[in-house]
Amino acid sequence: MIKKMLNHHIIQKENTWHNKNIDQVFRELESNANGLTPEEASVRLKDFGYNELEEEKGTSPLILLLSQFKSLLIVILIIAAIVSAGMGEMVESIAIIIIVILAGVLGFLQEYKAGKAIEALKKMASPNATILRGGIELIIPAREVVPSDILFLKTGDKVPADARLIEVVNLQIDEASLTGESVPVEKTTVTLHEEKLSLGDRKNMAYTGTIVTYGRSKAVVVATGMHTEFGKIADMLQTTQKGKTPLQIDIDKVGKIIGVIAILLAAVMSVLGALKGYPFGEIFVWGVALAVAIIPEALPAVVTITLAIGVRRMAKRRALIRKLSAVETLGATTIICSDKTGTLTQDQMTVRRLYVNGQNIDISGVGYTPVGDFHIDGVKFNPNINSNLLNLLNAATLCSDALLRQNDKSWEIFGDPTEGALIVAAAKAGIKVDDLKNLFPRIKEIPFSSERKRMTTIHKYPNGLQVFSKGAPEVILSSCSFHYEGEKIIPLSDESRKNIINVAHKMGEEALRVLAVSTKSIDHIENVESVAENEMIFLGLAGMVDPPRLEAKEAIKTCEQAGIKPVMITGDHKITAVVVARELGILKNGKVFSGSELEDLSDTELDGVIDDTEVFTRISPAHKMRIVSAFMKKGHIVAMTGDGVNDAPSLKKADIGIGMGITGTDVSKEASDMILTDDNFASIVAAVEEGRSIFENIRKYLIFLLSGNAGTVFAIMIALAANLPLPLVAVQILFINFIMDGLIAIALGVEPPEPGIMSRKPRHSKEGILNRNGLTYIFSVGVLIAIVTTGVFVWALDSGFSNEKAMTMFFITLILARLFNGFNCRSSIDSIVKLGMFTNKPLIISMLISFGLSLGVIYIGILQTPFQTVGLRASELVITFSAASTILIIVELWKRIRAIIIVSEKR
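Counting from 1, residues in each chain are numbered in the order their sequence is written. For a predicted model such as this one, the threshold for reporting local features is a pLDDT of at least 70, and the threshold for listing and counting side-chain atom pairs is 80 or more; totals across whole chains, interfaces and linings nevertheless cover every residue. Water and hydrogen atoms were dropped before computing side-chain values, which therefore reflect all heavy atoms in the structure.

## Things to note about the overall build of the protein chain
- Strands here mean DSSP runs of E at least two residues long; helices mean DSSP runs of H or I at least four residues long; both are numbered from the N terminus. Of regular secondary structure, the protein chain possesses 33 helices and 28 strands.
- Relative accessibility thresholds used throughout: buried, under 20% of the residue-type maximum; exposed, over 50%; partly exposed, between the two (1.4 Å probe, protein chains only). Across the 907 residues of the protein chain, 54% fall into the buried class.
- In what follows, residue pairs with any heavy atoms lying within 4.5 Å of each other are defined as contacts. Long-range pairs, those at least 24 residues apart, make up 71% of the contacts in the protein chain between residues at least 6 apart in sequence.
- Where accessible areas are quoted, they stem from the Shrake-Rupley method and a 1.4 Å probe; at the residue level, only the protein chains shown are allowed to cover. Entry remark: accessible area of the protein chain is about 39,100 Å², with carbon and sulfur atoms responsible for 59%.

## Quick notes on the pattern of salt bridges
- Any carboxyl oxygen of Asp or Glu that lies within 4 Å of a side-chain nitrogen of Lys or Arg is treated as forming a salt bridge with it. Scanning the model with the defined rule gives 36 salt bridges in all.
- A salt bridge links E52 to R143; the nearest nitrogen and oxygen atoms lie 3.2 Å apart. Here E52 is found in the loop between helix 3 (38-48) and helix 4 (61-67), whereas its partner R143 is found in the loop between strand 2 (136-141) and strand 3 (150-154), with 91 residues between them in sequence.
- For E551, the salt bridge goes to R549, with nearest N and O atoms at 3.4 Å.
- Each of R216, D401, R442 and E445 takes part in salt bridges that share partners, so that together they form one network.

## Things to note about the sheet that holds strand 28 (residues 674-676)
- Pairing in this open sheet of eight strands is mixed, and the strands run 8-28-27-26-9-23-25-24 from one edge to the other. The sheet is open, and its two edges are formed by strand 8 (319-321) and strand 24 (591-594), each paired on a single side. Strand-to-strand twist across the sheet, computed as the mean angle between neighbouring axes with direction ignored, equals 20 degrees.
- By definition, two strands form a pair when at least two bridges between them are found by DSSP. Pairing of strand 24 with strand 25 (residues 613-617) involves four bridges; the strand directions are parallel. Bridge pairing in strand 25 links V592 to V615.
- Here helix 22 (residues 621-633) sits on the sheet and contacts strand 9 (335-339), strand 23 (565-569), strand 25 and strand 26 (638-642); the angle it forms with strand 26, its principal contact strand, is near 170 degrees. Lines fitted to C-alpha atoms define the axes here, with helix axes fitted over just the stretch in contact, and angles between the N-to-C directions of these axes take values from 0 to 180 degrees.

## Quick word on the confidence of the model for the protein chain
- For the protein chain, per-residue confidence averages 84 on the pLDDT scale, and 85% of positions sit at 70 or higher.
- Confidence of the predictor at the level of single residues is given by pLDDT, which spans 0 to 100. Here residues 234-243 scores under 50 on pLDDT; set against residues more than four positions off or in separate chains, the count is 13 contacts.

## Description of the packing of aromatic side chains
- Pairs were defined over the aromatic rings of Phe, Tyr and Trp, the Trp ring being its six-membered one, requiring ring centres within 6.5 Å. Orientation was assigned from the angle between planes: stacked under 30 degrees, edge-to-face over 60, tilted for the rest. By the definition in use, this model includes nine aromatic pairs.
- Considering the side-chain rings of Y461 and F468, the 6.1 Å spacing of their centres and the 55 degrees angle between planes classify their relative orientation as tilted.
- Judged by its relative accessible area of 5%, F468 is buried.
- The interplanar angle of 75 degrees and the centroid separation of 5.5 Å between the aromatic rings of F735 and F867 together place this pair among those described as edge-to-face. Taken as a pair, F735 in helix 26 (residues 730-741) and F867 in helix 32 (residues 861-867) lie far apart in primary sequence, 132 residues in all.
- On the accessibility criterion, F735 (6% relative accessible area) is buried.
- One aromatic cluster is present, built from ring pairs that chain together F440, Y461 and F468.
- Directly above the aromatic system of F695 lies the positively charged group of R763, at a separation of 3.7 Å from the ring centroid.
- Each ring is checked for a lysine NZ or an arginine CZ that lies within 6 Å of its centre and within 35 degrees of its normal; such an atom marks a charge sitting over the ring. Across the ring face of F801, the terminal group of K805 is positioned such that the distance to the ring centre comes to 5.5 Å.

## Remarks on unusual backbone geometry
- Positioned with a positive phi, N357 is a non-glycine residue whose angle comes to about 55 degrees.
- Relative to the helices and strands, N357 is located in the loop between strand 10 (350-356) and strand 11 (359-363).
- Residues other than glycine seldom take positive phi values, yet K453 does so here, at roughly 60 degrees.
- For K453, the location among the structural elements is in the loop between strand 16 (442-446) and strand 17 (454-461).

## Focus: the packing of helix 25 (residues 681-721) against helix 28 (residues 772-798)
- At a minimum axis separation of 7 Å, helix 25 and helix 28 run at an interaxial angle of 45 degrees. Our classification of the angle between helix 25 and helix 28 gives oblique. As helix 25 runs across helix 28, the sense of the crossing is right-handed. Every residue of helix 28 that contacts helix 25 at I703, L706, S707, G708, A710, G711, F714, A715 and I718 is listed here: G774, Y777, I778, F779, V781, G782, V783, I785, A786, T789 and T790. Reported orientations rely on four angle classes, namely roughly parallel under 35 degrees, roughly antiparallel over 145, roughly perpendicular from 65 to 115, and oblique for the rest. Each crossing is labelled by how the near helix is turned from the far one, with a counterclockwise turn of less than a right angle marking it left-handed and a clockwise turn marking it right-handed.

## Topic: the environment of E28
- Along the polypeptide, E28 turns up in helix 2 (residues 22-29).
- Measuring from C-alpha to C-alpha, the distance between E28 and S148 comes to 9.3 Å, with 120 residues separating the pair along the chain.

## Structural notes on the nonpolar core
- Take the buried Ala, Val, Leu, Ile, Met, Phe, Trp, Tyr and Cys residues and link them wherever side-chain atoms come within 4.5 Å; each set so joined is a nonpolar core. Core analysis: the largest hydrophobic core is formed by 117 residues, its most contacted members being W286, L290, M568, F681 and M740.
- For this core, the element with the highest residue contribution is helix 25, accounting for 20 residues.
- Dropping the residues within four chain positions of it, M740 is found in contact with F704, L705, A745, I815, R818 and L819.
- By size, the runner-up hydrophobic cluster in this structure holds 33 residues, among which are L390, A395, L515 and A542.

## Details of the packing of helix 18 (residues 550-561) against helix 25
- Interhelical geometry of helix 18 versus helix 25 gives an angle of 35 degrees and a closest axis separation of 8 Å. The way helix 18 lies across helix 25 gives a crossing that is left-handed. Two secondary-structure elements touch here, helix 18 through E551, A552, A555, I556, T558 and C559 and helix 25 through F681, A682 and V685.

## Describing the pairing of strand 14 (residues 403-407)
- In this sheet, strand 15 (residues 410-414) lies alongside strand 14 in antiparallel orientation, the contact comprising five bridges. Note on strand 15: the bridge partner recorded for L403 is F414.

## Brief notes about the side chain of K218
- Take K218: it is sitting in strand 7 (residues 211-223).
- Here K218 is in contact with A33, L132, I150, L151, F152, L165, I166 and E167, once residues within four sequence places are set aside.

## What to know about a nonpolar patch on the surface
- Like charges within 9 Å and nonpolar side chains (Val, Leu, Ile, Met, Phe, Trp, Tyr) within 5 Å are joined into patches, using only residues over 30% in relative accessible area that form no salt bridge. A contiguous nonpolar patch, built from I889, L893, W894, I897 and I901 and spanning about 490 Å² of accessible area, is present on the exposed surface.
- In this fold, I897 is placed in helix 33 (residues 874-906).

## A word on the environment of N824
- Assignment of secondary structure puts N824 in helix 29 (residues 803-824).
- With a relative accessible area of 1%, N824 lands in the buried category.
- In this structure the C-alpha to C-alpha distance between N824 and V891, which are 67 residues apart in sequence, comes to 6.8 Å.

## Regarding the pairing of strand 16
- Counting buried positions along strand 16 gives four out of five residues, so the element sits mostly inside the fold.
- Pairing analysis gives four bridges linking strand 16 to strand 17, with the strands arranged antiparallel. Bridge assignment links K444 to a residue of strand 17, and that residue is I458.

## Concerning the environment of E754
- Along the chain, E754 falls in the loop between helix 27 (743-749) and helix 28.
- Note: C-alpha distance between E754 and S827 (73 residues apart in sequence) is 7.3 Å.
- Pairing of N or O atoms within 3.5 Å defines a polar contact, subject to two protein rules: one partner must be a possible hydrogen donor and the other a possible acceptor, and residues neighboring in sequence count only if both atoms are side-chain atoms. Engagement of the side chain of E754 in a polar contact is seen with the side chain of K700, the distance being 2.9 Å.

Here it is in C-alpha cells:
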C-alpha cells in the first residue's frame, strides 16, 4: 500500500503525459476505459485529498481575538479605566476593563461566526463533474475527482482537473485563462512526441479551469488540486469575490458618520458636564463611555453574519448565491426575465405525439418512466411493426446525448430534458438505447446552438456513414429534399412540405414543443459541415409537452403583488410560448415579439415597446443582450436566467445573472450571480423575498440600535439642560451598549420575512440603508424613550428617592424601553400581533438573557458597587416596566393608525 501511494505521488508530479500514448497513460495511472471502481476512488481521495486549490491561511482565532482590542475607542476606553484607577475609583476601573473584555469576546465570536458562515457558503458553490466509475456515468462534486478518473467533457463545461484526452469529437477548448491564447484550441488524442512543449501546444491535454467551447470528449485525469497547472499559478487561486458589497460600503460610510457625530457629541456633553461642576476625570471617562455606546461597532460583523445566514437560508430554498452583492440587489429587482423550459415548466418533457409517414401517433405515459402505449386514431398497436416509426425513434436517440437511468424505483434523465423525452419514447417502443449507441457509434457531430437551432451527428453503420439531424421543424425541413412514403424514399414536394409545416403548427397550438428529425447517408467525413446538412430525408416530427409548474403560477402572482414584472424569454415557437405564458399568467395584455421581429426593431423602437412586452420567442443569446440592455436603460433592476455557453454575456450584463444548476453549463454558472439548484422560477421569487428580508433585517438592527442610542443621548441632554444629576455612570452606559449590541442584534438579523414583504414595491436600487422613514423613526422613538426614562428619573427624585435609586430606575427603564423597542423594530409596518410574538424565538431568548443580566446588576450585591445600583422593590420594578412598555404601545398604535389611513386612501 505504501509503495502504491508513493507511485500516486509520482503521478501527480508528472508533466509529460502529452508524449505518452493512451495505453501507457492507462498503465501508469493504473486505470482503464471503464474508470476506477468506487473503492479505488475512495482510496485515492484519501491519498491525494480533495481536488481543490489551497486558500490563503485565514486569520488565526487568537489574532482575531486580539484585533478586537485595537480600535481607537477601545484604546481610549482602556485609558479611561486607567484614569478611573488613578482617581481611586478602582471598582469602576475594573468594571470598565471587564466590560471591554466581554465586548471584545463578543466581537470575536461575531466575526468568527461570520467567517465560518462565509466558508460554508464557498463549499456550497463548488461545481460538479461528470465521470465514469465502474462503467457507470455519475455526476459528482468536482472536488471529489481523483487521478485516474475518466472525465466526460462537453460544450460549456469547465474542465475540473488536468487530464489526458482519450476520445474527442470536434473538441475545442478556450485556454485563455491559462495560456493567454485568445482563440480556442482544437484538441486531439494523438500522441505528441516532443517532450518540452508549452502548455498551449499540448493539443492532447485538457487543463483545470479552461472552458470547453465546442464538441465533447472523454479524458483520464492525471492531476488534481494544487498539482494541476492551474494550481501552480498562485495569483489565479482566488475565484471567490473578496471585495465589499455596496451594502457593506454603505454601512461603512454610515458607521464613519455616526462615529464622528458620536465623538463630537460626547465631547460637547463632557464639556457641558465639566461646566456643571463634575470632576474632569469622571466626566472624561463618562464621555468616552458615551461615545462608545453611540457607535454601533458591531455593525460590520452583524451585516456579514446577517448576509451569510440569509444566503444559507436562500440555499435551503434552492437559490445558491455566488456573490454577496446579489443579495441586496435581489430586493430591488423589478424585472425577472426567465427561460420557459424547466424554469417555468416542470422540466419533465414527455413525447405525446409523433408524425410519421403522414400519420399522427399518440404515446401514453407521463414523465421519464419508459412505460406507455402507441395509438393511431385511438387504436393501440405494436410499434415494432412500424419501420418508419422505428427509423424516427432510432434517429432521434442516436442524435441525442441524454441518458436514461433507473434510480432505486424512479427513473431520471441526465442531460437535456428534450433529448430525454426522445430517449424515453424510444425506450417505450422497446429500443435498448445503450445497445443502439454501442452498435452505431458516433464518430463526429455538429453540436446544437441557439443560432443553428439543430444538432447533427454522424455514425458508423455497416454499409457506410449515416447522418442524423434534429431541430426546429422549419430549419430541418429547409435542409430536406426527400421523405418516406411507405417504404419508399421520394422527393419532398412543396405540397408535402406545406402539410408538414401545418402539422407542426397544429401541434404548437396544443402547446407541444415540436422537433423534426432527418437523415442521409454519406461516404466520408471530409468537409462534413458542408455536405451533411443538405439533401436530407425527412423522417418525422416529435411533439412533446412540458407542463407548467404549479408553483411557478403562484410565484408569478406573488411577483405581481411585489411590483415585479415576469417576462418569458424562450427559443420555442411563438404559438407554444403564448399558450404557456397565458396559462401561467405572464401574458395578459402585453406584447409578444419573436427573434426575427426583434431584429427588425431599432434600439429606439425597442425602448418604446419594451415596457409593454411580456413574451419573447425564438430568441437567441444575442437577442437576450438587447432585451436586458433595453430594460436596464429604462431604469429597471433586471434578473436574467440562462443555461447555455452563449448566455454568459447576458448573465454578466444583467443586474442579477441566474444560472441553472441542473441544465446549466459551467460557463453560464460561472457568469452568474446566483444559481438555481432546482431550475425553478419559484426559487427566484423565494430568493427575492429573502433578499428583501435580509436588507430589511440589517436596516431593522441599525434602526433599533440608533433609536435606542438616540434615546440615551436625548435623555442625558435633558438631564444636563434641566440641571438634574447625571442619570447614568460610565459603567452603566457600557453595560447597556454591551447587551444591546450583542445577542439582540444577531436575533434581529435572523428575523423571518415579514408576511407582507412581497406585497410592497421593490426598493429603489440607490436607496441607502437609512432612508427618510428610518431617520424619522430613529429621531421620534429616541425622543419618546428619552421622555419616558427621564420622566421616571424625575419622578424618583421628586419622590425623595436617593440619587442611586433614581439612577437605578432610569437604568432599568432605559433597558426595558430599548427591549420593547426591539419588538417595534421587527417591522416598520406590521403589528407585533400580526407578526406573532414568538415567531422570532432567538429574539425572545436574547431579550430574556439581557433582562436577566440587568436584574443581576441591580440585585446581586457584588455587582451593585461597581455599577452604582441598588435593589428595587417589586412596585418600583412594575413602575419601570409600565413606563417602558409605553414605547411598544405608542408605536403599535401609530402602526394601526397608519394602516387605517393607507386603507382609506386606497378606497
